[in-house]
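Analysis of the macromolecular model
Spelled out, the chains give:
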Amino acid sequence: MPELLLEVGFEEMPAGWLPGLAEQLRSRLEDAARREHLASSDLEVYWTPRRLVVGGEVAARQADREETVWGPASRLARDASGAWTSAGLGFARKQGVAPEELAEQAKDPAKPEERNLLFVRKTPGRAAPEVLPGVIACVLRGLAFPKRMSWDAWIEDGKGAFPFGRPIRWIVALVDGVVVPFRIHSAADRARGPVLVESGASTRGHRFLPRGRAGVPFEVRSLAELKQRLRDACVLVDPRDREAKIDEGLAAAARRRIADDRGLLVEWRDLVEYPTVLAGTIPREFSSLPPEVLETVLVHHQKYIPLEHDGRPAAAFAAVVNGDGRDGEGIVRGMERVVVARLRDAAFFFDEDRKRPLGDRVADLEGVTFHQGLGSYKDKTDRLVRLVDAMGAGMGLLTRPEHEAAREAARLAKADLTTAMVREFTELQGVMGGIYLQAEGTRWDAVSRAVRWHYHPVSVEESSAPARVLAGFDATVWGAVSLADKLDTLAGYFGIGLVPSGSSDPFGLRRAAQGVVRVLVDFWRVDSAERRPSLRALVGAALAGYGERLRRPVGDVAAELESFLLDRLRYVFVARGFPADEVEAAVGAREPDALEDPHECWLRLQALHRVRSEAREDFEHLAVAFKRAKNILGQGAASAVEAALLSEPAERELHDAVRALAAGQARGSLAEANGGYEGRLRSLARLRGPVDRFFDDVLVMAEDPRIRSNRLGLLTEALAPFYRIADISKLGG
Amino acid sequence: MNLQDLVFALERYWAERGCLVHQPWDSEVGAGTMHPETFLRVLGPRPWKVAYVQPSRRPADGRYGENPNRLYKHLQLQVLLKPAPADVQDQYLASLVALGIDPAAHDVRFEEDNWESPTLGAWGIGWQVLLDGQEITQFTYLQQAGGVDLAPVSAELTYGLERIAMYLQDVEDVYKLRWSAERLYGEVRREEEFQLSRYSFELADVDLHRRLFEDGLAEGWRTLGPPGDRSVLAAYEWCLKASHAFNVLDARGALSASERAGMILGIRKLACAVAERYLAPEASAKEARA
């Protein structure tokens, strides 16, 4: 098959978009080619901030196609004399042929006498270069960007104005080295204007390299040649090559392995066409700044990776540049100057902020709006304290000292929003509060820890922050503040109708709800059942905190918020790799249900997953039986089981098995009954045989109403112990 | 290269590329975009190319002349190219070469940074241009101004003159910049920085500025006649005056967040009305003749 090569060259595209765009380009090209009856295969994609490249094999021409169009029945298409009727003529006209060119055939081979008119439309395949311009237009038009811009461009695909991620400046489109014509026009007065970009064989190298001969376009004929010649022109079009060059540079610059690159390496890779790693140092005068501040300046503002130097963390940094690094010293001096200027600001803020105790700033929160309809951060602070009180005094979830510490942490949690440091570096919210409290010598470490981490957890993995920090500490004080903050936010926004929809979640409510779920699933006294909070009760308490401010009936808001939280619980579990049907089953369990105790739900899910993988077939059968049972139970009233009314052997067998199981579980230790879900599931799985036979042999909906309700009672009894672990009917095959 | 030579070099460079070299707007603005030569000229279909220095006041950034990097008033060199030429990035990079910066010997980078001015109802897509990690220019394809979708799209280049000069002169303190062969930046401006910082943080009369804000907006609306009566410039000037009063109040710490948001909205409404009237056909026709 011939080789297709498409390179779209543009002005610098945001790094974070590129991998997704490349994948879209590949799959959209495949799809669009297939829709045009052009097979493609082995498409490879590459990218840099200035180009997307896709190449691979594509069919030389479309396959010839035949389309069958059935017309009216022959007996209606001609009259008795055999002349064409208006129905017959009409069909021919519609197909654009003379009636004589139509065939007649039976639609159903079994009824050869019932014939219909038939037109076979033959479409000869067109050559790939004829079809591809349309494919390219469709692919480029279809690329989805996080944000598009108008650049006064226009393409001739019937849709006209052509916004894109950044302006396109050149296009290489070749089939076996021959240019596929494609044009982008400028839009003049919202109509087609002169040509802006015309496809060709010419690509461009690095903006500034190689020195002395940069910026001259050159022609290529194939993907292999493009890659090679771009390499010669200081563009590593394959992201893996850039990664390798960065790794090499880092190894040389850092003198020691970098444990945590803060996710910067991927971004580095896609910020440049020709990466070179340079390293700079940070003057000793800044070693008194907290490492979090140093890292924020380096990582978030300059995209530099902090390095250990002279035994001090973050006393040096590595940076990637888009060049050969030959004048590295001058570049590094410039970078160091920027870092120093920013750190000077930070040092100034750090000194100024500490002139007032954090507690004095709580009153200033009056002037910081949480949300127009939900009051200031001072109002929020007051609600947080009340919510912590509800957890402590009301629900009895906190001991006296825990309650006292959590209350203090809730009062101080938002105070750092008024500090100069957080106003300048908003990502340090919470962190600075914790640092300032610690510096003041707070009464309890638990308070500064809770303030420091209360915005967490933010991701779904069990091991993510603050798991490591809290290891060895009781997480309750932190957990109470973290929960209160997020639940208050959720209750408020839901209460004024600002609920996330589709991909729009401007207030981060999904993340907040995941945080709530995670505190309860992973952190809150995970080993003791009796003092775990009920999520339902917490939602109620959070909503109560808003009183009159809610603009919707509190019952409606609670129901909506509860189902939203359950959804996020499902999301967290699925994100951890559990199959959706098992998650559904575990979330469907009762007494306590998932809203009452999310951690219990998590234990059940893990048990279900393990036991089901041991006995997959048993669970398939049980799932089928459960679905049947659910249907049947909806059709009549069940009664308490009377053994005397059980007549069929299969129902007596099921009855015995259910009773034996109940007796066995009653004898089991308390620990077994509380958490030993695996053991219980294993023994329940043994009901599969009796349940199967019951459904095979016994007519549940018997004539005699007493027998009928007795059998329904037996089914109810058989199902009940499952429901305390999982709704087995939700399991798929 | 001293600061004034830098200005000469950039103005000459852009003049040679067809830009009219204009003068700063003569009342307080926070950025070069607020100059009518940008805010109004980007509206509608007529091509325009202009460059000018615009002293830009940010009262909240005042540091009494003590911080080596922050200023109450800094200098922007603003270039507006309408429509944005296809080689605008190359033209921009060549302007750096004209300043003696060889991009191959430095790390010159276009990093995503979309500019937005909620007070003007304006936004654009673009980058901050980094020179060895230092932001030296905001490069924006303007998409909207005064709430109006822009066609054609203009390219706006905003050079931060002090930063570029500091880089070129290799100094770490803005006040040590050489402004001319004889004078340092500090000699020219430090006292002004001190006095204006002191004014906006300590002396500014809050009640007066609230009134200036309210009266400014009211006068803007009063002035803004029906389309075609040639009043948009005067109305827009009042919009800018209200905007400056707002900045002073903000620096003074006199505004709650919700009050702040309300005032921004107030300015934006007037700015959008100005843009709409400016574009009304009668107005365009008259202003074209003028």
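Note that the coordinates shown come from a computational prediction; the quantities given were computed from them, not determined experimentally.

Thresholds, definitions, all that
Throughout this document, residue positions are counted from 1 along each chain, in the order its sequence is written. Here the convention is simple: chains get letters from A, ligands get numbers from 1, in the order in which they are written. For this predicted model, a pLDDT threshold of at least 70 governs which residues receive local features, and a threshold of 80 or more governs which side-chain atom pairs are given and counted, while totals over whole chains, interfaces and linings are taken from all residues. Where helices and strands are cited, they refer to DSSP runs of H or I of at least four residues and of E of at least two residues respectively, numbered from the N terminus. All radius of gyration figures rest on C-alpha atoms, and the globule criterion is 2.2 Å times the number of residues raised to 0.38. Neighbour density around each residue's C-beta defines its exposure: 20 or more other C-beta atoms within 10 Å make it buried, 12 or fewer make it exposed, and counts between make it partly exposed, where C-beta atoms are placed from the backbone. Any pair of residues counts as being in contact when their C-beta atoms, constructed from backbone geometry, are within 7 Å of one another. The split into domains, and so the bounds of each, comes from an automatic or database assignment of domains. Here the nonpolar group is Ala, Val, Leu, Ile, Met, Phe, Trp, Tyr, Cys and Pro; Asp, Glu, Lys and Arg are the charged ones; every other residue, Gly included, is treated as polar. Two strands pair under a simple rule: DSSP has to find at least two bridges between them. Between N-to-C directions, angles cover 0 to 180 degrees, with each direction set by a line fitted to C-alpha atoms, over the stretch in contact for helices. Every residue is assigned a pLDDT by the predictor, reflecting its confidence on a scale from 0 to 100. Remark: nonpolar core denotes a set of buried Ala, Val, Leu, Ile, Met, Phe, Trp, Tyr and Cys residues whose joining runs through C-beta atoms within 7 Å. Given a helix with a known number of residues, its expected span is that number minus one, times 1.5 Å. Working note: the arc is built from the helix axis to C-beta atom directions. For classification, angles of less than 35 degrees are called roughly parallel, those exceeding 145 degrees roughly antiparallel, those between 65 and 115 degrees roughly perpendicular, and all remaining angles oblique. For any helix crossing, the convention is left-handed if the near helix is rotated counterclockwise from the far helix by under a right angle, and right-handed if that rotation is clockwise.

Here's the deal with the overall build of chain A
Scanning chain A from terminus to terminus reveals 27 helices and 19 strands. By the compact-globule yardstick of 27 Å for 733 residues, chain A is too spread out, its C-alpha radius of gyration being 35 Å. Dimensions along the principal axes, computed over C-alpha positions, put chain A at roughly 90 × 90 × 50 Å. Counting all 733 residues of chain A, 43% fall into the buried class. Long-range pairs, those at least 24 residues apart, make up 69% of the contacts in chain A with a sequence separation of at least 6.

As for the domain arrangement of chain A
Where the parts come together, the accessible area they lose is often given as the size of the interface. Residue and element names in this part refer to chain A. With domains assigned, chain A is organised as domain 1 (3-61 + 127-232), domain 2 (65-123), domain 3 (239-353), domain 4 (358-457 + 469-577) and domain 5 (616-730). Once you take the C-alpha centre of each, domain 3 and domain 4 turn out to be 34 Å apart. Contacts between domain 3 and domain 4 engage 11 residues on the former and 10 residues on the latter. Of all the elements in the fold, those that place two or more residues in the side of domain 3 that touches domain 4 are α8 (291-302) and α9 (328-353). In the side of domain 3 that touches domain 4, the residues fall into 5 nonpolar, 2 polar and 4 charged.

Topic: the sheet that holds strand β1 (residues 3-10) of chain A
Residue and element names in this part refer to chain A. Read across the open sheet, the 5 strands follow the order β2-β3-β1-β9-β10; overall the sheet is antiparallel. At either end of the open sheet lies a strand with only one pairing partner, and these are β2 (40-48) and β10 (178-179). Relative to strand β9 (residues 168-175), β1 is paired through 7 bridges, and the arrangement is antiparallel. Opposite Glu-7, over in β9, you have Val-172 as the bridge partner. Lying over the sheet, helix α1 (residues 18-35) contacts β2 and β3 (51-58), oriented at roughly 155° with respect to β2. Across the sheet, helix α5 (residues 223-232) lies against β1 and β3, angled at about 40° from β1, the strand it touches most.

Thoughts on unusual backbone geometry
Residues Leu-209 of chain A and Pro-210 of chain A are joined by a peptide bond in cis, for which omega reads -10°. By secondary structure assignment, the location of Pro-210 of chain A is in the loop between β13 (202-203) and β14 (218-219). Put simply, His-456 of chain A and Pro-457 of chain A share a cis peptide bond, and its omega is -5°. Inspection of the secondary structure assignment puts Pro-457 of chain A in the loop between α14 (445-453) and α15 (467-470). The backbone of Cys-234 of chain A sits at a positive phi, close to 65°, despite the residue not being glycine. As for its position among the elements, Cys-234 of chain A is in the loop between α5 and α6 (239-254). Although it is not a glycine, Asp-170 of chain B adopts a positive phi angle of roughly 55°.

Concerning the sheet that holds strand β4 (residues 65-73) of chain A
Residues and elements named next belong to chain A. Reading across the sheet, the 3 strands line up as β4-β6-β5 and stay open at both edges, with antiparallel pairing between neighbours. Every other strand in the sheet has two partners, leaving β4 and β5 (103-106) as the edge strands with one partner each. Put simply, the sheet's adjacent strands are angled 40° from each other on average, direction ignored. Here β4 runs beside strand β6 (residues 115-123); their pairing, made up of 7 bridges, is antiparallel. Looking at β6, one finds that Val-69 is bridged to Phe-119. Against the sheet, helix α3 (residues 86-95) engages β4 and β6, with an angle of about 160° to β4.

With respect to the interface of chain A and chain B
Listed by partner, the interface residues are 35 residues for chain A and 29 residues for chain B. At the level of elements, β17 (312-322) and α9 of chain A are the ones that each hand at least two residues to the side of chain A that touches chain B. Ranked by residue count, the leading element in the side of chain A that touches chain B is α9 of chain A, at 7 residues.

Some words on the environment of Thr-48 of chain A
Residues and elements named next belong to chain A. Assignment of secondary structure puts Thr-48 in strand β2. For the pair Thr-48 and Ala-214, spaced 166 residues apart in sequence, the C-alpha separation works out to 17 Å. Discounting residues that sit within four places of it in the chain, Thr-48 has contacts with Val-235, Val-237 and Glu-273.

Remarks on the confidence of the model for chain B
On average, chain B scores 93 in pLDDT, and the residues at 70 or more come to 96%. Here the predicted complex scores 0.79 on pTM and 0.94 on ipTM.

With respect to the pairing of strand β12 (residues 191-198) of chain A
Inspection of the sheet shows strand β11 (residues 183-188) of chain A paired to β12 of chain A by 5 bridges, in the antiparallel sense. Looking at the pairing, Ile-184 of chain A lines up with Val-197 of chain A of β12 of chain A.

Here's the deal with the nonpolar core
Residues Ala-409 and Val-481 of chain A together with Val-274 of chain B are the most contacted members of the largest nonpolar core, which totals 278 residues. Every residue in contact with Val-274 of chain B, bar those within four places of it in the chain, is listed here: Gly-146, Leu-224, Val-232, Ala-235, Tyr-236 and Cys-239 of chain B.

Overview of helix α19 (residues 554-575) of chain A
Residue and element names in this part refer to chain A. Taking 1.5 Å as the rise per residue, α19 with 22 residues should run 32 Å; its terminal C-alpha atoms sit 31 Å apart, in good agreement. Every buried residue of α19 is accounted for by Val-557, Leu-561, Leu-565, Arg-568, Leu-569, Val-572 and Phe-573. Around the axis of α19, the buried residues are gathered within 140° of arc, so they sit on the same side. Those residues of α19 that are exposed and angled more than 90 degrees off the buried face are Gly-555, Asp-556, Ala-559 and Ser-563. The first or second residue beyond α19 is Gly-577, which carries a positive phi of 100°.

Some remarks on the packing of helix α22 (residues 616-633) of chain A against helix α27 (residues 705-723) of chain A
Residue and element names in this part refer to chain A. Packing of α22 against α27 brings their axes to within 11 Å, and their N-to-C directions diverge by 135°. Classified by the angle their axes make, α22 and α27 are oblique. The interaxial crossing formed by α22 with α27 has left-handed handedness. From α22, Phe-626, Ala-629, Ile-632 and Leu-633 reach across to α27, where they touch Leu-712, Leu-715, Thr-716 and Leu-719. The residue inventory of the contact of α22 with α27, partitioned by class, reads 7 nonpolar, 1 polar and no charged.

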